[in-house]
Amino acid sequence: MSAAPYDIARVRGDFPILSRQVNGRPLAYLDSAASTQRPRAVLAAVEHYETHVHANVHRGVHTLSQLATDAFEAARERVRRYLNAASTHEIIFVRGATEAINLVAQSWGRMSLKTGDEIVISSLEHHANIVPWQMACEATGAKLVVAPINERGELQFEAYVALLGPRTRLVAMTHVSNALGTVLPVAQIIAAARERGIPTLIDGAQAVAHEAVDVQALGCDFYAFSSHKLYGPTGLGVLYGREALLEKMPPWQGGGDMIRTVSFEKSTWNDLPYKFEAGTPHISGAVGLAAAMDYVESLGLAQIAAHERSLLAQATESLSAIPGIRLHGTAAHKAGVLSFTLAGVHPHDLGTILDHEGVAIRAGHHCAMPLMELLGLPATARASFGCYSNAQDVIQLTEAVHKAREVFG
Ligand code: C6P
């Protein structure tokens, strides 16, 4: 971890896109929870790979194929180190957090679930950690059980524990809420499940870029995330799975690379992790993700988190001072996500006006429709921070919200 002071000007200089203008205004990019921007180091690693190395992996005997395979497998080892997984057998490359969760729901779910079984999720979940379980429930007769939150958007821990019973087969919860920014106490959530012999899946899509994750210390069975929310390329994600569990699970997609032998009568499966990686993978994506992990660790995850916390405090204070603003999600432990509404202005209109001012936020239900319904909101506006966000972004956001009030006032 870096001990150097956090040099935000230098960090911003690493991200070429931040120097562009949008609608004639400097870009204030406050949509990192949807997708982060990429630093030069990631762009360069992908370009180098594509320019000098690319071939298909695991298949050819020729030099480039071997170099590409080496690069891809080195990226897997980089991910293992980032998560402190015990083995590269536990690191499966997928298309994103969504596909990682679908893999578990389809493979583990079909193997393990039967009528009357229960899967415990929380009210804070993204659709990616709801719908795959609903599909698995439909196929098996299991049912979804939802742990409640309080008015601040925090998990009601005692109520969660009370839901764990002899029918609970899995706890699947988010690490950080994308809509409210709540950081869930995942270590305690996992511990409570483990005490009862219940496996756990953590959706880390909004966590991996903001705090160090150690899957062995956490003790979870599965951990899912997307590269593009960690300053890496789109179209790539990771499923961490505990080896003993992955060994038992059947493959979920068939094709090249995931087999050992194929005949017209029967096929047999490859070893981990390839059993779950059918077809040609996103090789340059993995190379880019490895570079992104190097980059993030060179800044220091603790330093990034502290920087984002100070921006969250600044934005919370300056937005709260605007008449008609309501903040949604006021958990004691929050990541750099600020959801808000402005009286008399639909969040989509707010987003459009902010865009005219060069401020990129997200407006909508944030793929968390059940949560929005619980909060009695059709949508919110959401500003979210990354390692490159700065105080000027927050000032530009605040001024743009004032302008929206004038327009609609
Ligand atoms: N949230 C957001 O703007 P994918 O699309 O597979 O990369 O990630 C899905 C996903 C899963 N879990 C959580 C907690 C998420 O936040 C997301 C993606 C984006 O909030 C796009 S909806």
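Residues numbered from 1 in each chain as written. Predicted model: local features only at pLDDT ≥ 70, side-chain atom pairs only at ≥ 80, totals over all residues. Heavy atoms only, no water.

Structural notes on the packing of aromatic side chains
The condition is simple: Classification of ring pairs rests on two measures: the distance between centres of Phe, Tyr or Trp rings, Trp counted by its six-membered ring, which must be within 6.5 Å, and the angle between planes, read as stacked under 30 degrees, edge-to-face over 60 and tilted in between. Labels follow the DSSP assignment, with helices taken as runs of H or I lasting at least four residues and strands as runs of E lasting at least two, numbered in each case from the N terminus. Relative accessibility thresholds used throughout: buried, under 20% of the residue-type maximum; exposed, over 50%; partly exposed, between the two (1.4 Å probe, protein chains only).
Considering all chains together, one arrives at 7 aromatic pairs under this definition. When the ring of F15 is compared with that of Y388, the centres are 4.6 Å apart and the planes differ by 65°; the resulting orientation is edge-to-face. Linking F15 in the loop between helix 1 (8-13) and strand 1 (21-22) with Y388 in the loop between strand 17 (380-384) and helix 14 (391-408), this pair joins segments that are 373 residues apart in sequence. By relative accessible area, which is 1% here, F15 ends up buried. Given the relative accessible area of 1%, Y388 is considered buried. Aromatic side chains Y231 and Y388 sit 5.8 Å apart centroid to centroid with 85° between the ring planes, which places their arrangement in the edge-to-face category. Note that Y231 is positioned in the loop between strand 9 (222-226) and strand 10 (237-241) and Y388 in the loop between strand 17 and helix 14, a separation of 157 residues in sequence. Every member of this aromatic cluster is reached through a ring pair, and the members are F15, Y29, Y231, Y295 and Y388.

Observations concerning the sheet that holds strand 14 (residues 337-342)
One key point about sheets: their strands pair by backbone hydrogen bonds, in either a parallel or an antiparallel sense. Filter applied, for reference: The criterion for strand pairing is that DSSP finds at least two bridges linking the strands in question. The axes are straight lines fitted to the C-alpha atoms, using for helices just the contacting stretch, and the angles between their N-to-C directions are given from 0 to 180°. We call two residues in contact when some of their heavy atoms are within 4.5 Å.
The 4 strands lie next to each other as 13-14-17-16, forming an open sheet whose pairing is antiparallel. A strand with exactly one partner marks an edge of an open sheet, and here the two such strands are strand 13 (325-328) and strand 16 (362-364). Ignoring strand direction, the axes of neighbouring strands in this sheet form an average angle of 30°. Docked against the sheet, helix 11 (residues 301-320) engages strand 13 and strand 14, running at close to 10° with respect to strand 14. Its contacts with the sheet put helix 14 on strand 13, strand 14 and strand 17, and the angle it makes with strand 14 is roughly 15°.

Observations concerning the domain arrangement of the chain
Size of an interface: often given as the accessible area lost when the parts come together. The criterion, for reference: Residue ranges for the domains trace back to a domain assignment, done automatically or taken from a database. Summed over both partners, the accessible area lost on bringing two parts together, with a 1.4 Å probe, is the buried area. The term salt bridge refers to a side-chain nitrogen of Lys or Arg lying within 4 Å of a carboxyl oxygen of Asp or Glu. Polar contacts, as used here, are pairs of N or O atoms within 3.5 Å; protein pairs need one atom able to donate a hydrogen and one able to accept it. Residues neighboring in sequence count only if both atoms are side-chain atoms. Each residue is assigned to one class: nonpolar for Ala, Val, Leu, Ile, Met, Phe, Trp, Tyr, Cys and Pro, charged for Asp, Glu, Lys and Arg, and polar for all the others, Gly among them.
Annotation of the chain at the domain level lists domain 1 (8-30 + 301-407) and domain 2 (43-297). Between domain 1 and domain 2, the C-alpha centre-to-centre distance is 28 Å. Each partner contributes to the interface: domain 1 provides 33 residues, whereas domain 2 provides 26 residues. Of the roughly 2,300 Å² buried where domain 1 meets domain 2, counting both sides, 63% is carbon and sulfur surface. The three residues of domain 1 that bury the most area against domain 2 are L301, C367 and L371, which together make up 26% of that side's buried surface. The tally of links from domain 1 across to domain 2 stands at 0 salt bridges. Here domain 1 is connected to domain 2 by 14 residue pairs in polar contact (both at pLDDT 80 or more). If you list the elements that add at least two residues to the side of domain 1 that touches domain 2, you get helix 11, strand 14 and helix 13 (369-375). Broken down by class, the residue content of the side of domain 1 that touches domain 2 amounts to 21 nonpolar, 8 polar and 4 charged.

Here's the deal with the nonpolar core
What counts is decided by this rule: Nonpolar cores were defined as sets of buried Ala, Val, Leu, Ile, Met, Phe, Trp, Tyr and Cys residues, with membership established by side-chain atoms within 4.5 Å.
Formed by 78 residues in total, the largest nonpolar core has its most connected members in L83, Y160, Y223 and F225. Two domains each put at least three residues into this core: domain 1 (8-30 + 301-407) and domain 2 (43-297). Ignoring any residue separated from it by four or fewer positions in sequence, one finds Y223 in contact with H175, I202, G204, A207, V208, V213, V215, L218, V238, L239 and Y240. Grouped together as the second largest cluster of nonpolar side chains are 28 residues, L201, F222, L246 and L272 included.

Comments concerning the environment of I304
Tracing the chain through its elements places I304 in helix 11. On a C-alpha basis, the gap between I304 and V42 in space is 18 Å, while along the polypeptide they are 262 residues apart.

What to know about the pairing of strand 14
Extensive coverage of strand 14 is indicated by the burial of 6 of its 6 residues. Burial along strand 14 is two-sided: the face carrying V337, S339 and T341 and the face carrying L338, F340 and L342 are both buried. Pairing of strand 13 with strand 14 involves 4 bridges; the strand directions are antiparallel. Within strand 14, the position partnered with R326 by the bridge is T341. Looking at chain direction, strand 14 and strand 17 are connected through 4 bridges and run antiparallel. Bridging across to strand 17, F340 finds its partner in A381.

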